[in-house]
Amino acid sequence: LKELQEEHHVTLDYHTVWKGKQKAATSLYGSWEESFRMLYNYKAEIELRSPRSIVEIDTTTSEGEVHFSKLFIPFKPCIDGFLNGCRPYISIDSTHLNGKWKGQLAVVTALDGHNWMFPVAYGFIESENEDNWAWFMNQVKKAIGDPPVLAVCTDACKGLENAVKKVFPQAEQRECFRHMWHNFQKYFHGDVFGRLWPAARASSSRLKEALASGARWIRHRRPLSGGLREVDVVQMSGWVAEKDGDAGCGGVVQMSGWVAEKDGDAGCGGVVELVALMVGWRAVTPAWPRR
């Protein structure tokens, strides 16, 4: 608008310029309706150039008119790469589209042997509800089959979580740590957030088991009251990651003091039990994990 008015010395209405821009875009790129119709040409071209790739297009019919609804595409090299070269782990999420079509762009990614992101599939759904996610997850199953061991990481939204349970009932469900960390901020405050990430990256299964045992003990002894809380165990796990390396027995002693401080007036029994748990873990582990 500004350029046209300065160059041609005219006064124009914003909507006039906007409509003119839309006509120019249609002339250059075609209309939205034509673009959707070309999806079937795109499907045919993918199947020709990359045999055994999957292209699923879903439509709805309203008042005799066919409308685009959903799309799912995993290329054959991506399917093979996941099945033959990646860990049995997929992460699924979607993002809002803000163009004329207000749907969601959904993606499935995996991790290869270098911990690098590996693309498995992508698609479009109308919204993040259980029906759309169920359709999407069924397409994922069509692409990768039903692996005997599979972990599925999501943002724990109910629609996707329930769809995963229906389509992959044997899969281990995991929650995206960034989303969990964001939810923690709604209820907890302080420096605990700087300690959550080291806890999430703890590589020792025995450390995770020890912390899980501590969390179960806390829930059993004081599920909702004061004193040591689950979030404190998470904070302690971050402390363990910080005190790694050659912390030795000194680290254990320091940790016992930390627990006592957090435990307040709940008595020594809980402190001794929880510290004994961590000392037992320390006894079978040559060094604290660095990550």
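Residues numbered from 1 in each chain as written. Predicted model: local features only at pLDDT ≥ 70, side-chain atom pairs only at ≥ 80, totals over all residues. Heavy atoms only, no water.

1. Observations regarding the packing of helix α6 (residues 130-144) against helix α7 (residues 158-167)
The geometry of a pair of packed helices is captured by two quantities: the angle between their axes and the separation between those axes. Applicable threshold: Convention adopted: a line fitted to C-alpha atoms gives each axis, helices being fitted over their contacting stretch, and angles between N-to-C directions are expressed from 0 to 180 degrees. Helix and strand definitions follow DSSP, with helices as H or I runs of at least four residues and strands as E runs of at least two, each counted in order from the N terminus. To sort the angles, those under 35 degrees are grouped as roughly parallel, those over 145 as roughly antiparallel, those from 65 to 115 as roughly perpendicular, and the leftovers as oblique. By convention the crossing between two helices is left-handed if the near helix lies anticlockwise of the far one by an angle smaller than a right angle, and right-handed if it lies clockwise. By definition in these notes, contact holds between two residues if any of their heavy atoms fall within 4.5 Å. Asp, Glu, Lys and Arg are counted as charged, while Ala, Val, Leu, Ile, Met, Phe, Trp, Tyr, Cys and Pro are counted as nonpolar; the rest, among them Gly, fall into the polar class.
Running from N to C, α6 and α7 point in directions that differ by 40°, and their axes come no closer than 8 Å. As judged from the angle between their axes, α6 and α7 are oblique. Classified by chirality, the crossing of α7 by α6 is right-handed. Seen from α6, the contacting residues are E130, W133, A134, M137, N138 and K141; seen from α7, they are G159, L160, N162, A163, V164, K166 and V167. Residues that form the contact of α6 with α7 fall into these classes: 7 nonpolar, 3 polar and 3 charged.

2. Quick look at the side chain of D112
Definition in use: Remark: exposure states derive from per-residue accessible area (1.4 Å probe, protein chains only) relative to the maximum for the residue type, with buried under 20%, exposed over 50%, and partly exposed in between. In this tally, Lys and Arg are treated as positive and Asp and Glu as negative; His is ignored, and so are the chain termini. A side-chain nitrogen of Lys or Arg and a carboxyl oxygen of Asp or Glu constitute a salt bridge if their distance falls within 4 Å. By the criterion applied in these results, polar contacts are pairs of N or O atoms within 3.5 Å in which, for protein atoms, one can donate a hydrogen and the other can accept it, and in which residues neighboring in sequence qualify only through two side-chain atoms.
Structurally, the position occupied by D112 is in strand β4 (residues 104-112). Of the side chains with opposite charge, R87 comes closest to the buried, unpaired D112, at an N-O distance of 6.9 Å. At 2.9 Å, the side chain of D112 and the backbone nitrogen of H114 are in polar contact. Every residue in contact with D112, bar those within four places of it in the chain, is listed here: G85, C86 and R87.

3. Quick look at unusual backbone geometry
For R52, which is not glycine, the phi dihedral falls at a positive 70°. With respect to the secondary-structure elements, R52 resides in the loop between α4 (39-49) and β1 (56-62).

4. Looking at the environment of G81
Relative to the elements of secondary structure, G81 occurs in helix α5 (residues 76-85). For the pair G81 and P119, spaced 38 residues apart in sequence, the C-alpha to C-alpha distance is 9.1 Å. Excluding residues that lie within four positions of it along the chain, G81 makes contacts with C86 and F118.

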